Amino acid sequence: MSCVTLNLVPSLNLDGSNTSANSARLSNSLSCFFGNSSSSSSFFLGPLSSIHSKNRCDSLRVIKGSRSFSSVFKCVSQKSESSVSINARGNGASEERVVVLVIGGGGREHALCYALQRSPSCDAVFCAPGNAGISNSGNATCIPDLDISDSSAVIFFCRKWNVGLVVVGPEAPLVAGLANDLGKAGILTFGPSAEASALEGSKNFMKSLCDKYGVPTAKYQTFTDPSAAKQYIQDQGAPIVIKADGLAAGKGVIVAMTLEEACEAVDSMLVRGVFGSAGCRVIVEEYLEGEEASFFALVDGETAIPLESAQDHKRVGDGDTGPNTGGMGAYSPAPVLTKELQSVVMETIILPTVKGMAAEGCKFVGVLYAGLMIEKKSGLPKLIEYNVRFGDPECQVLMVRLESDLAQVLLAACRGELRGVSLNWSPGCAMVVVMASKGYPGSYEKGTVIGNLEEAANVAPTVQIFHAGTALDADGNFIATGGRVLGVTAKGSDLQEARDKAYLAVEEINWPGGFYRRDIGWRALPQKQFATGK
């Protein structure tokens, strides 16, 4: 296989002159995005013809199938009110009103819509493209026909509906430069530029930045030649980690326990091209032994404030067995990340990265998600990888615990006003159990029917079911359309109570085509007997 590598990420001596090519895109037809109530999109919410561009309260008629219901928008003015500062509790004394557009359609985006809808200063929430569960929940008005890969279409929509804040959920639009284009159009966007998104878009860029600014991470080498990579693997020995340099939908990391597995991983990426251009360059990395944790910080370009800690479960099977996935469950807070360790992470990893990115000419604005390994031999954190957006499913447990006005906090980040801001969190713990289609992360059947979701959501007041990959069939039933499909989330006074409620809800769901891990939280509750359900 002939492999061509395109250098789409900035070098480490950026002069800030890089711009997104996406601004050149033009939409061939900028028709109304709301169509009519007979739209073939099963989760389309119908016309918004009763919303008028006036400074008064209007009613939104939502049509879904044969049922209709009304909700009320708070007053949406054509001109934004003046900005006000946020106090130390993350709430404005007299907040401006804001309409928010969330980009994406997974469980992370559902959780963001849920939190934004609860924000006192948020007038309305749109989600593009959204999904059936988001539509059904009433947490946002979904816009499935808005092409989020077309910046001009997104800008047109924002201007038409007076959107004052765009929150970009997935990494792909960020790497493609959506935040660049929205920024040039004067639309506040929570999410980094294409240049800053290289922290996730290129593992080689991230590693180089760590080297230059002293961020602790695993020893590594980068290769485009498979023979050279295999020789390095032979020299280093196993276990060892092989990573595709670019975005590979969460599947580009192979933890090889033997030399044979490692060499096969190199061949799959550099010879057979299983990840396409994302795998045309590989990072061969030292295997770190310890406990993984997720650390999130909101960044405004210069200032970073930490979110609560969380811990993900990447492997598909109980006991952390089987291949890696996008995440099969999470809980917050993570006991492994003590307050002392969180301070270490901020001082040695997050802040040097933020300062380094600014020094390189591409300030980072958005959420910085550090995948960490708390090393067994030292007890200290090392950086495994960066993501430039909220983690999924960690976002779900963070959003159900957040008590501050999310819209105001994200606006402060966009304006460079995070200094002095702190966040309020509910006491206790939260847990999310991911339900996935059988066969995931490999091939799986689509269209399997999911039942009893309403009953599951009602097993306890603190249960929230976030949809990641669902649609409605012709009979109005929820069906699975993706690998990871549901994030069953619950809060409790402690982790045990949160776990009990989450699994009680999971057991209520009737989905023969799905499966889930039964041991989420096992590291924090090692002596407990975990669920043994359907």
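Residues numbered from 1 in each chain as written. Predicted model: local features only at pLDDT ≥ 70, side-chain atom pairs only at ≥ 80, totals over all residues. Heavy atoms only, no water.

Under the annotation held in an unreviewed UniProt entry, the chain carries the name phosphoribosylamine--glycine ligase and is attributed to Hevea brasiliensis. According to the UniProt record, the Sequence similarities (unreviewed entry) comment for the chain is "Belongs to the GARS family." What UniProt states about the chain under its Catalytic activity (unreviewed entry) heading is, verbatim, "5-phospho-beta-D-ribosylamine + glycine + ATP = N(1)-(5-phospho-beta-D-ribosyl)glycinamide + ADP + phosphate + H(+)". (UniProt positions renumbered as here; feature names shortened; annotations may be inferred.)

Novice: Give a description of the overall build of the chain that names residues and reports values.
Specialist: Secondary structure assignment for the chain yields 14 helices and 26 strands. A burial count over the chain gives 56% of its 534 residues as buried. In the chain, the proportion of contacts linking residues at least 24 apart, taken out of those at least 6 apart, comes to 69%. Taken as a whole, the chain presents about 21300 Å² of accessible surface, with 50% of it coming from carbon and sulfur. (Helix = DSSP H or I, 4+ residues; strand = E, 2+ residues; numbered from the N terminus. Buried < 20%, exposed > 50% of the residue type's maximum accessible area, 1.4 Å probe, protein only. Contact = heavy atoms within 4.5 Å. Areas by Shrake-Rupley, 256 points an atom, 1.4 Å probe, with all protein chains shown as cover.)

Novice: Explain the sheet that holds strand β21 (residues 449–450) to me, and be specific about the residues and the numbers.
Specialist: Overall, antiparallel pairing links the three strands, which are arranged β21-β24-β23 in an open sheet. Looking at which strands have only one partner, the edges of the open sheet turn out to be β21 and β23 (470–472). Here β23 pairs with strand β24 (residues 478–480) via three bridges, running antiparallel. The partner of alanine 471 across the bridge, within β24, is isoleucine 479. (Pairing = 2+ DSSP bridges.)

Novice: Describe the nonpolar core, naming the residues involved and giving the relevant values.
Specialist: The biggest cluster of nonpolar side chains holds 55 residues, and the ones touching the most others in it are Leu101, Leu199 and Ile350. Of the residues forming this core, the biggest block, eight residues, is contributed by helix α10 (residues 339–359). Once residues lying within four places of it in the same chain are set aside, the contact partners of isoleucine 350 are Phe295, Ala297, Ala304, Val345, Leu368, Ala370 and Tyr386. Within the second largest apolar cluster, 48 residues are counted, among which are Ala111, Leu112, Ala407 and Val421. (Core = buried A, V, L, I, M, F, W, Y, C linked by side-chain atoms within 4.5 Å.)

Novice: Could you give an account of the packing of helix α8 (residues 226–236) against helix α9 (residues 259–271), naming the residues involved and the relevant values?
Specialist: Between α8 and α9, whose axes approach to 10 Å, the crossing angle comes to 160 degrees. Relative to α9, α8 is oriented roughly antiparallel. Note on packing geometry: the crossing formed by α8 with α9 is right-handed. On the side of α8, the interface is formed by Pro226, Ala229, Lys230, Ile233 and Gln234, while α9 contributes Leu259, Ala262, Cys263, Val266, Asp267, Leu270 and Val271. Here the residues of the contact of α8 with α9 sort into nine nonpolar, one polar and two charged. (Axes fitted to C-alpha atoms, helices over the stretch in contact; angles between N-to-C directions. Parallel < 35°, antiparallel > 145°, perpendicular 65-115°, else oblique. Left-handed = near helix turned anticlockwise from the far one by under 90°. Nonpolar A, V, L, I, M, F, W, Y, C, P; charged D, E, K, R; others polar.)

Novice: Any chance you could break down the sheet that holds strand β13 (residues 304–306) for me, citing the residues and the numbers?
Specialist: Across the sheet, four strands lie side by side as β13-β12-β18-β19; this open sheet has antiparallel pairing. Looking at strand neighbours, the two that pair on one side only are β13 and β19 (381–387), the edges of this open sheet. On average, each strand axis in the sheet is tilted by 35 degrees relative to the strand beside it, whichever way the strands run. One ladder, built from six bridges, connects strand β18 (residues 365–375) with β19; its direction is antiparallel. When the sheet's bridge partners are listed, glycine 371 is paired in β19 with glutamate 385. Strands β12 (290–300) and β18 of the sheet are contacted by helix α12 (residues 406–414), whose axis makes an angle of about 75 degrees with β12.

Novice: Lay out the pairing of strand β16 (residues 321–324) with the relevant residues and their values.
Specialist: By the bridge criterion, two bridges tie strand β15 (residues 315–317) to β16 in an arrangement that is antiparallel. Bridge pairing in β16 links glycine 317 to threonine 321. In sequence, β15 turns back onto β16 through a hairpin of three residues, with glycine 319 there showing a positive phi of about 70 degrees.

Novice: Lay out the pairing of strand β6 (residues 165–168) in plain terms, naming residues and giving numbers.
Specialist: When a strand is regular, its side chains alternate between the sheet's two faces. Where burial is concerned, the two faces of β6 agree: the one with Leu165 and Val167 and the one with Val166 and Val168 are both buried. Sheet analysis places strand β3 (residues 98–104) next to β6, joined by four bridges and oriented parallel. Along β6, the bridge assignment pairs leucine 101 with valine 166. Bridge analysis of β6 against strand β7 (residues 189–190) gives two bridges, and the strand direction is parallel. Bridge pairing in β7 links valine 166 to threonine 189.

Novice: Tell me what's going on with the environment of valine 463, and back it up with residues and numbers.
Specialist: Take valine 463: it is sitting in strand β22 (residues 463–467). With 35 residues separating them in the primary sequence, valine 463 and alanine 498 have C-alpha atoms 9.0 Å apart. Residues contacting valine 463, with those up to four places away along its chain left out, are Ala456, Ala457, Thr489, Ala490, Lys501 and Ala505.

Novice: Can you explain the side chain of arginine 517? Please cite residues and give values.
Specialist: The residue arginine 517 is located in the segment after β26 (514–515) in this model. Within the structure, the side chain of arginine 517 is placed 2.9 Å from the backbone oxygen of arginine 315, a separation counted as a polar contact. Among the polar contacts listed, one links the side chain of arginine 517 to the backbone oxygen of glycine 317, at a separation of 3.3 Å. Discounting chain neighbours no more than four positions away, the residues touching arginine 517 are His313, Arg315, Val316, Gly317, Asp318, Gly319, Asp320, Met328, Val433, Tyr503 and Trp522. (Polar contact = N/O pair within 3.5 Å; in protein donor to acceptor, adjacent residues only side chain to side chain.)

Novice: Tell me about the state of the cysteines, and name the residues and values.
Specialist: This model, assessed by the stated rule, comprises zero disulfides. Take cysteine 142: it sits in no disulfide, and the sulfur closest to it among the cysteines is that of cysteine 127, at 5.1 Å. Residue cysteine 142 is classed as buried on the basis of its relative accessible area, which comes to 1%. (Disulfide = S-S within 2.5 Å.)

Novice: Go over the pattern of salt bridges with me, naming the residues and quoting the values.
Specialist: Within this structure, the stated rule accounts for 23 salt bridges. Across the pair glutamate 264 and arginine 272 runs a salt bridge whose closest N-O atoms are separated by 2.4 Å. By relative accessible area, glutamate 264 is classed as partly exposed at 40%. (Salt bridge = Lys/Arg side-chain N within 4 Å of Asp/Glu carboxyl O.)

Novice: Any chance you could break down unusual backbone geometry for me, citing the residues and the numbers?
Specialist: Glycine aside, residues mostly have negative phi angles, and peptide bonds mostly take the trans form. Cis peptide bonds are those with omega within 30 degrees of zero, and the linkage from alanine 128 to proline 129 qualifies with 0 degrees. As for its placement among the helices and strands, proline 129 is situated in strand β4 (residues 122–129). In this chain, serine 332 is followed by proline 333 through a cis amide linkage whose omega measures 0 degrees. Within the fold, proline 333 resides in the loop between β17 (329–332) and α10. Here the phi dihedral of asparagine 452 falls at roughly 65 degrees; this positive angle occurs in a residue that is not glycine. Position of asparagine 452 relative to the elements: it lies in the loop between β21 and α13 (453–457).

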